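Remarks on the overall topology
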Amino acid sequence: MQNYFGYQGTILRVNLTEKTIKKEELNLDDALKFIGGRGLGTKILMDEVDPKTDALSSENKLIFATGPLTGTSTPTGGRYMVITKSPLTGTVACSNSGGYWGAELKFAGYDVVIIEGKSEKPVYLNISDDSVEINDASFVWGKTAGETTAAFEEAHGEKVRVATIGPAGENLSKISGIINDRGRAAGRSGVGAVMGSKNLKAIVVRGTGKVNVNDAAMLKEAFSKSMAKIRENGVTGQGLPTYGSAVLVNIINENGVLPTNNFQESYFDKADDISGETLAEKFLKKKDPCFRCPIGCGRYCETDGIEGSGPEYETIWGFGSNCGVSDLSAIIKANYWCNEYGLDTISASTTIAAAMELYQKGYIRKEDLEGAPELVWGNAEAVVEWTKLMGQAKGLGAKMAEGSYRLCESYGVPELSMSVKKQEMPAYDPRGIQGIGLNYATSNRGGCHVRGYMISPEILNLPQELDRFATDGKAEWTKIFQDFTASIDAVGLCLFTSFAMGADDYADLYNSICGTKLTGNDFVEIGDRIWNLERLYNLKAGIDPSEDTLPKRLLEEPISSGPSTGHVNKLSVTLPEYYKARGWTEKGIPTEEKLTLLGLEAFK
């Protein structure tokens, strides 16, 4: 097998029905065309999984994909992605995680792991370099992510890295994720439910190899240049290292776009109580960085005897202002239980917020709670206990574990779900930030902020300041950010590096490792290719372009108070411009000309 540089050259294919394990040579042409990670994983999904497949059937596949920079010395080179068809949205699912598990998989010698079929009984995959085994997991079935990780460390040694589902994934919760390194999550789109549907509890990895680099001197130069930019940037060099991603709480609130009480309001008068500054002052034990991360935004916190990774900004907002809660201790506990049960913190917290509005408006009755804490705004106990009930799939908690859209739909008011394509939106009110609203509406995996982080130019003024209320130019900017993000996901680095680094910087790192000659423009164009392939998969899956929209509240009900008072999202203006910028038809379909330009004509 040739030396691929950056790529290990091997795909591991595991069929749980047949109990077979195969090692296949990586298709280098596909790898270079889609880079890796999210791009290569989506290409494999398109090739091998019928878009009409039931996401929780044995016909769906679960793809763990690293990037060519995963496991290298590049800044934040520890990311991996889980690609599958989503049971939550019906779209392509691609969930990103950090920590150390992805790098360990590369050290073991694999670029991609494809999980097929379904085991009759609970199993786990044990990977130790060339040795790969499918083993019985009945002894950890039903255990939390933390308990499972500890059990495998005891069985296989403390140096193993574990990616596992918790009870939520076993119960096929559509908002369940996969937890690695105890507190890192491939959280979004229900990937944990797909893993649970296959009776696969965990993948345990130990690798002792390395990732070969094409030009060490060139890498050293590109590394130094990127590191200098990261250190000099105010966000990556100061804000995130000092206060974590929760540094955004006060910033977003001061702009009047911190969603409160299930997006009914957009300003939280107790925001400082749940801010990154308060977290650092009262609860932070230590920083908790991922593999090769010079930023170190991860937090490790303790409260009332509970300690663990997080919470991140989105989590603090979701269990905090969006539920009217200002008790940071309760938020830390809710985050802990999400990690233990394997729940996506954004979807879990936003579903609780939706349940609170359903209770507020009389759809959920007190007797429906069966003695559990009342679902009223500001009830700190409720966010903790209902997280547990969702994780355990008990009572109303089982209904909530399906996500906010299905919960609200069951009461005849799906419009109360603050979601796009059935996936809950994150922590920015798009009525006061036009670009992020367009980004939410057009995201290929449903409501999402990390598929084109328009908060960067609209709030943080990076790489330049954009008027957040304006619509002019937002379509073009959104497209660029979406394409750029797709390539960053594919290469295996963290999105936060993009606050400081540009496309040329990523291309330089990639070229030095892989021996390629991409320009910055080439790098972004590959992201365009990935984005269009995802769009094609969704269209074939039956996702209609009419779903490129936002909840009615955000389009019709102006923000009632705070710095963004009077604004709604003007999607009717930006969406047609976006389709045009993408080179799609007026109905949002990629044209034959566009697909040919990107080399995707075979998939039309």
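Everything here concerns the structure above.
This structure is a prediction, so every number in the text was calculated from the model and none was measured.

Formed by 142 residues in total, the largest nonpolar core has its most connected members in Ile252, Tyr313, Ile352, Leu375, Val383, Trp386 and Tyr428. Here this core gets nine residues from one element, more than from any other, and that element is helix α13 (residues 345-360). Formed by 28 residues, the second largest nonpolar core is a distinct cluster that contains Phe64, Ala108, Val132 and Val194.

Our next topic: helix α19 (residues 474-491). If you check α19, its first and last C-alpha atoms are 26 Å apart, about what 18 residues at 1.5 Å a residue would give, namely 26 Å. Across the 18 residues that make up α19, a large majority, 15, are buried. Directly beyond the C-terminal end of α19, a positive phi value near 100° is found at Gly492.

Mapped onto the fold, Thr497 is located in the loop between α19 and α20 (503-514). Since its relative accessible area comes to 0%, Thr497 is described here as buried. In terms of polar contacts, Thr497 uses its side chain to reach the backbone carbonyl oxygen of Cys494, at 2.6 Å. Of note is the side chain of Thr497, whose polar atom sits 2.6 Å from the side chain of Tyr506. With residues up to four places along the chain from it excluded, the contact list for Thr497 reads Pro75, Thr76, Ile230, Ile295 and Tyr506.

Turning our eyes to something else, we now look at the packing of helix α2 (residues 37-48) against helix α21 (residues 520-540). Axis separation between α2 and α21 bottoms out at 10 Å; the angle between their running directions is 30°. Considering the angle they form, α2 stands roughly parallel to α21. Seen along the crossing, α2 lies across α21 with a hand that is left-handed. Facing α2, whose interface residues are Arg38, Gly39, Thr42, Lys43, Leu45 and Met46, α21 presents Ile530, Trp531, Leu533, Glu534, Leu536, Tyr537 and Lys540. Tallied by class, residues from the contact of α2 with α21 come to seven nonpolar, two polar and four charged.

Here strand β7 (residues 123-128) lies mainly inside the structure; five of its six residues are buried. As judged from the six bridges shared by β7 and strand β8 (residues 131-136), these two strands associate in the antiparallel manner. Bridging from a neighbouring strand, Ile127 pairs with Val132 of β8. With antiparallel pairing between neighbouring strands as the criterion, β7 and β8 make up a hairpin whose turn holds two residues, including Asp129 at a positive phi of roughly 55°. Where β7 lies against strand β12 (residues 200-206), six bridges are found, and the strand directions are parallel. Along β12, the bridge assignment pairs Ile127 with Val205.

Our focus in this paragraph is the pairing of strand β2 (residues 20-25). Examined bridge by bridge, strand β1 (residues 10-15) and β2 share six bridges and lie antiparallel to one another. Pairing of Arg13 across the sheet is with Lys22, part of β2. Here β1 folds back onto β2, and the loop between the two strands holds four residues, one of which, Lys19, carries a positive phi near 60°.

This part covers unusual backbone geometry. Note that the residue after Gly310, namely Pro311, is joined by a cis bond; omega there is 5°. Within the secondary structure, Pro311 is located in the loop between β15 (306-309) and α11 (313-319). Following Leu462, the chain continues into Pro463 via a peptide bond in cis, with omega recorded as 0°. Within the secondary structure layout, Pro463 lies in the loop between α18 (455-458) and α19. One non-glycine residue, Phe5, adopts positive backbone phi at about 60°. For Phe5, the location among the structural elements is in the segment before β1.

This part takes up a negative patch on the surface. Together, Glu265, Asp269, Asp272 and Asp273 line one region of the surface with negative charge. Inspection of the secondary structure assignment puts Asp273 in the loop between α9 (248-254) and α10 (276-282). On the basis of relative accessible area, Asp273 is assigned to the partly exposed category, the value being 38%.

So, about the sheet that holds strand β3 (residues 62-66). One open sheet accounts for six strands, arranged β2-β1-β6-β3-β4-β5; its pairing is mixed. On the outer flanks of this sheet lie β2 and β5 (92-97), each paired with one strand and no other. When the angles between neighbouring strand axes are averaged without regard to direction, this sheet yields 15°. α2 contacts β1, β3, β4 (80-85), β5 and β6 (112-116) of the sheet and is inclined by roughly 25° relative to β4.

Basis of the calculations
Residues numbered from 1 in each chain as written. Predicted model: local features only at pLDDT ≥ 70, side-chain atom pairs only at ≥ 80, totals over all residues. Heavy atoms only, no water. Core = buried A, V, L, I, M, F, W, Y, C linked by side-chain atoms within 4.5 Å. Buried < 20%, exposed > 50% of the residue type's maximum accessible area, 1.4 Å probe, protein only. Helix = DSSP H or I, 4+ residues; strand = E, 2+ residues; numbered from the N terminus. Expected span 1.5 Å × (residues − 1). Polar contact = N/O pair within 3.5 Å; in protein donor to acceptor, adjacent residues only side chain to side chain. Contact = heavy atoms within 4.5 Å. Axes fitted to C-alpha atoms, helices over the stretch in contact; angles between N-to-C directions. Parallel < 35°, antiparallel > 145°, perpendicular 65-115°, else oblique. Left-handed = near helix turned anticlockwise from the far one by under 90°. Nonpolar A, V, L, I, M, F, W, Y, C, P; charged D, E, K, R; others polar. Pairing = 2+ DSSP bridges. Patch = residues over 30% accessible without salt bridge, like charges linked within 9 Å, V, L, I, M, F, W, Y side chains within 5 Å. Areas by Shrake-Rupley, 256 points an atom, 1.4 Å probe, with all protein chains shown as cover. Salt bridge = Lys/Arg side-chain N within 4 Å of Asp/Glu carboxyl O. Lys, Arg positive; Asp, Glu negative; His and termini not counted. Charge placed at Lys NZ, Arg CZ, Asp CG, Glu CD.

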